Structures are given as structure tokens and as C-alpha cells.
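# Working through the structure, step by step
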Amino acid sequence: MPPLDTEQAAARTWFEELRGSICAAFEAIERDAGSDAAFDAIAWDRADPSGEPGGGGVRGVMKGRVFEKVGVNVSTVGGVLDTGFAGTIRGAGEDPRFVATGISLVAHMANPHVPAVHMNCRFLTTTTRWFGGGADLNPPLPRKEDTDAFHAALKAACDAHDPGYYPRYKQWADEYFYIPHRQVHRGVGGIFFDHLEGDFAADFAFTQAVGRAFLDVYPRIVRARMDEAFTPADVAARDAWRGRYAEFNLVYDRGTSFGLKTGGNVDAILMSLPPVATWS
């Protein structure tokens, strides 16, 4: 993997800082719930198919009283994409060399009234370079006030940079986080953006705003719901919903596909899967 340039290094540093802030916020929630759960951080190295060092990352997982299973991963990888896969990646058709740095998060919650969540931000370099990412809320038992709060935070982040971002990226999320074979959405949406390129400073600032919005709104939602009473029927509904989540991530998710096809850490890639799920 070649040395990072100034833009790549800046993005990597930010993603690592965001990871630290998110993990601290989630561990604080566990402490307030009477748990001493903490993230178990495991570093990993990637071997590029070219034989050259391919970068690596840190897989962080916590299993606690509130967060039944949450993973927060950061990675910076690079090398040469497989010829067949390179043609599917923007800017890699003519030259398969790439560098990718980013953060990925998935949280599955013990209390069925606390929504699960997904968030990721990334910066990719091929013959071009771009930011992508987003966040979406995945409640087994949806509550309108939680959905509204989550979308309001993301809309505010979008509106501060471009009034057209929120409607465009919300629609993209609605289209992307959909399970065609079930004909259902996997959650209540959020935003999804990709191929944001042209002005590094502006695009980086927007990506940072998305990360900060997530860090602000999601812990508030968790704290509002984590002590609510729930029934065995609620747990059954949660576990059945988790089955749909697993189906999406294994069949349709681009991040899962990219990670597996670029020699990423399998445990880190599949940390998105729920700890328990059911299919009737």
C-alpha cells in the first residue's frame, strides 16, 4: 500500500477520532446502566493479492447490558483490485489500484424498544476520489418520535451544506436499504450518499457533519428507550426483524461485498450481523 497523501491522511485521522468519540459515548451509556462493558479493540493487517502490504485497521466490539452487540470498525486499506471487481468500482476500470479509509458501525440492542442503527463514512481513491456514507435507523418496534429526531438531525447536517442534499440522500437511502425479495425496507431510513467528489474541503466538511450528527442524536435515542419495559413478544418481534437485517447485509450490502472482495477482515466485515435472529 502506498504512503497516504495529505487528503487521505486527513480523512483517516478524522475517522479514527470519530471512532474514539462514539466508543466513549456508548461506554458511558453502559456505565449509566450499571454495566462495566467496554470495547474490545483488535488490530488486523491486510495482505494485498499483489503481495505488497495492504494496510489494515481496528475491529472494536462491545457486548453489554444495553448494547447486546455493537461493532465500530476503522480501516485504511489499499493495493490492487481484482480485475473483474475493479470494473464495478468508480475510476478503477483503467487502473485497479485503490486506497480506502473509513469507519463502519452497526449496533444491535438488547431492549427491543431501542432501535438498532448503522452508520458509515468512507473516502475512496482510484483514478478519482470521493466520499460516501450515511446512517439509517433500524427499529424492530418503530416509534415516530425517534424516527423524526433521527431524520431531523441528519437533515440539519445536510441543510447546512446544501439544501438539496437531504431530499436526494433520503431518497437514495429509501431505495438502497430495501429488501426486494421481501418487498420491505430494512428500517425507517436515513441518508445514503456516494461518489461525492470535486471539492475535497467541502465534501470532507459535509462527511464530518454527518458523523457529528449521528454522535449527537443516536445516544439520545438510546438513553430515552433503554429502560423501557418489554415483553417476550417484543423480543420475538426483534429477533424476526433481525433476520431481515441479516438477509440485506449478506445479499445486497455494498460494504459487505467490497470488504470481502478486497481481502478485508472477515470478522470485522460480518460484525454487522446480529447476535441472535430467527426465521419462522
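So, here's what we can say about the structure.

Cut-off values and rules
- Residues numbered from 1 in each chain as written.
- Predicted model: local features only at pLDDT ≥ 70, side-chain atom pairs only at ≥ 80, totals over all residues.
- Heavy atoms only, no water.
- 1 Å grid on protein atoms, 1.4 Å probe; cavity = no way out; pocket = protein on both sides within 12 Å on 5 of 7 lines; lining within 4 Å.
- Points joined across faces, edges and corners; volume = space filled by probe spheres on them.
- Helix = DSSP H or I, 4+ residues; strand = E, 2+ residues; numbered from the N terminus.
- Nonpolar A, V, L, I, M, F, W, Y, C, P; charged D, E, K, R; others polar.
- Buried < 20%, exposed > 50% of the residue type's maximum accessible area, 1.4 Å probe, protein only.
- Pairing = 2+ DSSP bridges.

On to empty space enclosed by the protein. Counted according to the given criterion, the structure contains one cavity of 30 Å³ or more. The calculated volume of the largest cavity comes to roughly 30 Å³. Lining the largest cavity are His 108, Met 109, Asn 111, Val 114, Ala 116, Pro 140, Arg 238, Trp 241 and Arg 242. Taken together, the elements giving at least two residues each to the lining of the largest cavity come down to β4 (97–109) and α6 (232–251). Counting residues per element, the lining of the largest cavity draws most heavily on α6, at three residues. Looking at the lining of the largest cavity residue by residue, the classes come out as five nonpolar, two polar and two charged.

What follows deals with the pairing of β4. Burial of β4 is extensive: eleven of the 13 residues sit out of reach of the surface. As paired strands, strand β3 (residues 67–80) and β4 are joined by 13 bridges and run antiparallel to one another. If you follow Ser 75 over to β4, its bridge partner there is Gly 102. In terms of strand pairing, β4 meets strand β5 (residues 116–125) through nine bridges, oriented antiparallel. Within β5, the residue paired with Val 99 across the bridge is Thr 125. Between β4 and β5, which pair antiparallel and follow one another directly, the connecting turn spans six residues.

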